Amino acid sequence: SIDNSYDPDDIASWYARVQRGLELAEGGGGPMLCCDPKIDGVAISLRYESGRLVQAVTRGDGRRGDDVTAQVRAIRAVPLRLHAADPPEVLEVRGEIYMTNEVFDSINRERSERDEPLFANARNVTAGTLKSLDPSVVAERRLCFSAHGRGVVDGIDAPSYSRFIECIRDMGVPVSPHVRTLDGLADLLAHLESFREQRAGLGYGVDGMVVRVDEFALQDRLGATSKAPRWCVAFKYPADQGETVLESVAWQVGKGGTLTPRATMQPVELAGTTVRHATLHNIEEIRRKDIRIGDR
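Structure report, in brief. Owing to the predicted nature of the structure, the values given are computational and were not obtained by experimental measurement.

1. Comments concerning the layout of surface pockets
Then step 1. If you add up the space inside the second largest pocket, you get close to 1400 Å³.
Then step 2. Forming the walls of the second largest pocket are 50 residues, and the residues nearest its centre are S1, I2, R59, R94 and H148.
Then step 3. A per-element tally of the lining of the second largest pocket places strand β3 (residues 42–49) first, with five residues.

2. With respect to unusual backbone geometry
Then step 1. If you check the backbone angles, S50 has positive phi at about 50° while not being a glycine.
Then step 2. Looking at the secondary structure, you find S50 in the loop between β3 and β4 (52–58).
Then step 3. The backbone of R142 sits at a positive phi, close to 50°, despite the residue not being glycine.

3. Some remarks on the nonpolar core
Then step 1. L46, V72, L91, F145 and I168 are the most contacted members of the largest nonpolar core, which totals 39 residues.
Then step 2. Going through the elements one at a time, β3, β4, β5 (90–98), α3 (101–113), α4 (122–131), β6 (144–154) and α6 (161–170) are the ones with two or more residues in this core.
Then step 3. Tallying contributions element by element places α6 first for this core, with five residues.
Then step 4. If we ignore the near neighbours within four places in the chain, the residues touching L91 are L46, R47, Y48, L82, V152, V153, I156, F164, I168 and M171.
Then step 5. Listed in part, the 27 residues of the second largest apolar core include Y98, L182, V206 and M209.

4. Points about the sheet that holds β5
Then step 1. Taken in spatial order, the four strands make up an open sheet running β4-β3-β5-β6, and their pairing is antiparallel. Looking at strand neighbours, the two that pair on one side only are β4 and β6, the edges of this open sheet. The mean angle between the axes of side-by-side strands here comes to 25°, regardless of whether they run parallel or antiparallel.
Then step 2. Two strands pair when backbone bridges link them, and β3 and β4 are joined in this way by six bridges, in the antiparallel orientation. Directly across from E49, in β4, lies its bridge partner R52.
Then step 3. Running over the sheet, α6 touches β5 and β6 and is turned about 110° from β6.

5. Describing the pattern of salt bridges
Then step 1. Across all of its chains, the model carries 14 salt bridges by this definition.
Then step 2. The shortest N-O distance in the salt bridge between R94 and E92 comes to 3.5 Å.
Then step 3. By relative accessible area, E92 is classed as buried at 12%.
Then step 4. Ionic pairing is found between E285 and K289, a salt bridge with its closest N-O pair at 3.5 Å. Of this pair, E285 and K289 are both found in helix α9 (residues 283–289), four residues apart, which corresponds to roughly one turn of the helix.
Then step 5. Overall, E285 belongs to the partly exposed group, its relative accessible area being 24%.
Then step 6. Here the residues in one salt-bridge network are R47, E49, E92 and R94, joined through shared partners.

Criteria and thresholds
Residues numbered from 1 in each chain as written. Predicted model: local features only at pLDDT ≥ 70, side-chain atom pairs only at ≥ 80, totals over all residues. Heavy atoms only, no water. 1 Å grid on protein atoms, 1.4 Å probe; cavity = no way out; pocket = protein on both sides within 12 Å on 5 of 7 lines; lining within 4 Å. Points joined across faces, edges and corners; volume = space filled by probe spheres on them. Helix = DSSP H or I, 4+ residues; strand = E, 2+ residues; numbered from the N terminus. Core = buried A, V, L, I, M, F, W, Y, C linked by side-chain atoms within 4.5 Å. Buried < 20%, exposed > 50% of the residue type's maximum accessible area, 1.4 Å probe, protein only. Contact = heavy atoms within 4.5 Å. Pairing = 2+ DSSP bridges. Axes fitted to C-alpha atoms, helices over the stretch in contact; angles between N-to-C directions. Salt bridge = Lys/Arg side-chain N within 4 Å of Asp/Glu carboxyl O.

Shown next as structure tokens:
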């Protein structure tokens, strides 16, 4: 896990702790930083041996995950072979499998036309898709992949995270085009603020930015607590909110006879996608909130 931060003051405090950990003077110079978007998807580890994809495993509980190699082979964004004349003996890349807003919206439109319950968010659909035993379903849903870390590596001499990202990108592994190296706290805070407005136009869910010390040697010096690395932090942006009007409610009957209320609302833009339907969870919540047709 990575520690989360929700305001610039938290980031400044983290940076000061990094300076102290590296025995640098606060207010003075600091290490180069690298940050990339925190994509809202499903964490995955891809293992390549001699340039060939041999295994894909979900994060699971952090020690043991699900082997989804067959499903991941059906994702066109994931290279089955590295584009390298002399590939590394072993390369494990950590990353995120995710779904674009466009694909998510199209899936929910089709489910709506069939009067099926709508999916709550793209991450849930992505996780369910990876559990599918039919690779054609995985291919049909056009999942994407972006690398953001490393596991076991044998054959790549990269002294920093930014250099590692460049190396695997040259081998055909998808990485975020928004990875940035930054020099100091002021540059970092300015970048976090400027990226806040860019998120909605990306076309996929991003709930924050992962900030890390760039050099691997300095990461090793900083080490980790029992819960998280000291050399990185996740800056989280506030969740998008919007106001709309409840137009109607349709009660759907599940296979087990469960009644699920599905709301239709005036369309509202949230996180780059148009929201028109939502599940109202259960009758107790409807009564507690006194939800009625025409409410805002």
